[in-house]
Amino acid sequence: MAGETRLEPAKGAGTLVSQLTDTLRQAIAAGQFTVGARLPSEAQLTETHGVSRTVVREAIAALRADRLVEARQGAGVFVLEPRQNTQPTMLSLNNIDLAQVSSMIELLELRTAVEVEAAGLAAVRRSPAQEESIFEHHHAVRACLEADKPTSEADFALHLAIAEATNNPRFREFLTMIGKRLIPRAALRPDDSESDQAAYIALLDKEHDAIVVAISEGDEEGARQAMRSHLRGAQLRYRTLLREVRQSVR
């Protein structure tokens, strides 16, 4: 399209979402899109960068969370006046030692307090595009599980998609500030058997499925309960491990 600003791909490794987010962020910082300018449409960004609409939506959502752009109903996405600090402030979590089981339990309790409500809001506020994104991320986690690949990144992306579907940017900002370190490890013990791991994988997929289905059906309380069960289950697994650790040092 004549006069359209064509962006150069961002360099470096990372997911398609992070690459596109960095590309757009760099373009805004360089003045390719000035304050008040409208970004190319979703269709244009999809074609220009060779990515899916879901990738474009998540990249734009990340820019919105950073307060770099805002979406205006029926008009598009526009660049905002830069703030003194446009990067999300890292949440200060003092005395957190991720190697300590007790610290993981504390973080999971904090996460539960936020994400239970996020699931309920997502069930009543989600858009069709956000619902599609949640399903896509759910299937991505399942694909990692079936391929016996690490799931932390895909799992975190699913929870971010649910937070985004609240249409309250604070939920996504909160999870982004804490980061994917809140995703529990699949193998809590080095000597877990293959059958133990298989059982965990099946349970994780079942818990995720309950959350996603409840959100899709608009079941607000069901979504809250499914998320609560999922995160409390993780807490229970860590508490069981904590008891075993205490018994072993007696």
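Heads up: these notes are all about the structure in this document. Remember, predicted model here, so these are calculated numbers, not experimental data. (Residues numbered from 1 in each chain as written. Predicted model: local features only at pLDDT ≥ 70, side-chain atom pairs only at ≥ 80, totals over all residues. Heavy atoms only, no water.)

Helix and strand counts for the chain stand at 9 helices and 2 strands. What you see in the chain, going N to C, is helices and strands ordered as α-α-α-β-β-α-α-α-α-α-α. When contacts within the chain are restricted to residue pairs at least 6 apart in sequence, long-range pairs at least 24 apart make up 67% of them. Carbon together with sulfur atoms contributes 51% to the accessible area of the chain, which is approximately 13,500 Å² in total. (Helix = DSSP H or I, 4+ residues; strand = E, 2+ residues; numbered from the N terminus. Contact = heavy atoms within 4.5 Å. Areas by Shrake-Rupley, 256 points an atom, 1.4 Å probe, with all protein chains shown as cover.)

Ranked by internal contacts, the top residues of the largest apolar core, which has 23 residues, are Ile 134, Leu 158, Ile 162, Ile 211, Ile 215, Ala 223 and Met 227. Of all the elements in the fold, those that place two or more residues in this core are helix H4 (101–125), helix H5 (128–146), helix H6 (152–164), helix H8 (194–216) and helix H9 (220–248). Ignoring any residue separated from it by four or fewer positions in sequence, one finds Ile 211 in contact with Ile 162, Ala 226, Met 227 and His 230. In terms of nonpolar packing, the next biggest core, distinct from the first, is built from 18 residues, Ile 28, Leu 45, Ala 59 and Ile 60 among them. (Core = buried A, V, L, I, M, F, W, Y, C linked by side-chain atoms within 4.5 Å. Buried < 20%, exposed > 50% of the residue type's maximum accessible area, 1.4 Å probe, protein only.)

In this section: the pattern of salt bridges. The full count for this structure, using the stated rule, is 18 salt bridges. Its salt-bridge partner being Glu 115, residue Arg 111 comes within 2.3 Å of it at the nearest N-O pair. Here Arg 111 pairs with Glu 115, and both are found in helix H4, just 4 residues apart, close to one helical turn. The same class applies to Arg 111 as to Glu 115, namely buried. (Salt bridge = Lys/Arg side-chain N within 4 Å of Asp/Glu carboxyl O.)

For the rest of this paragraph, the subject is the packing of helix H1 (residues 16–29) against helix H3 (residues 53–65). In helix packing, the relevant descriptors are the interaxial angle and the interaxial distance, both defined with respect to the helix axes. Relative orientation of the contacting elements H1 and H3 amounts to 55 degrees, with a least axis distance of 8 Å. Here H3 runs oblique to H1, going by the angle between their axes. For the pair H1 and H3, the sense of crossing is right-handed. Every residue of H3 that contacts H1 at Leu 16, Val 17, Leu 20, Thr 21, Leu 24 and Arg 25 is listed here: Val 55, Val 56, Glu 58, Ala 59, Ile 60, Ala 62 and Leu 63. By residue class, the composition of the contact of H1 with H3 is 10 nonpolar, 1 polar and 2 charged. (Axes fitted to C-alpha atoms, helices over the stretch in contact; angles between N-to-C directions. Parallel < 35°, antiparallel > 145°, perpendicular 65-115°, else oblique. Left-handed = near helix turned anticlockwise from the far one by under 90°. Nonpolar A, V, L, I, M, F, W, Y, C, P; charged D, E, K, R; others polar.)

What follows is about the packing of aromatic side chains. Counted by the stated rule, this structure contains 0 aromatic pairs. It is Arg 72 that lies over the ring of Phe 78; its NZ or CZ is 4.2 Å from the centre. (Phe/Tyr/Trp six-rings, centres within 6.5 Å; stacked < 30°, edge-to-face > 60°. Lys NZ or Arg CZ within 6 Å of the ring centre and 35° of its normal.)

Bringing the environment of Ala 154 into the picture now. Looking at the element boundaries, Ala 154 is found in helix H6. Linking Ala 154 and His 137, residues 17 residues apart in sequence, is a C-alpha distance of 6.7 Å. Once residues within four sequence positions are removed from consideration, Ala 154 is found in contact with Ala 140, Val 141 and Cys 144.

Remember that the coordinates give geometry; whether it matters functionally is a separate question.
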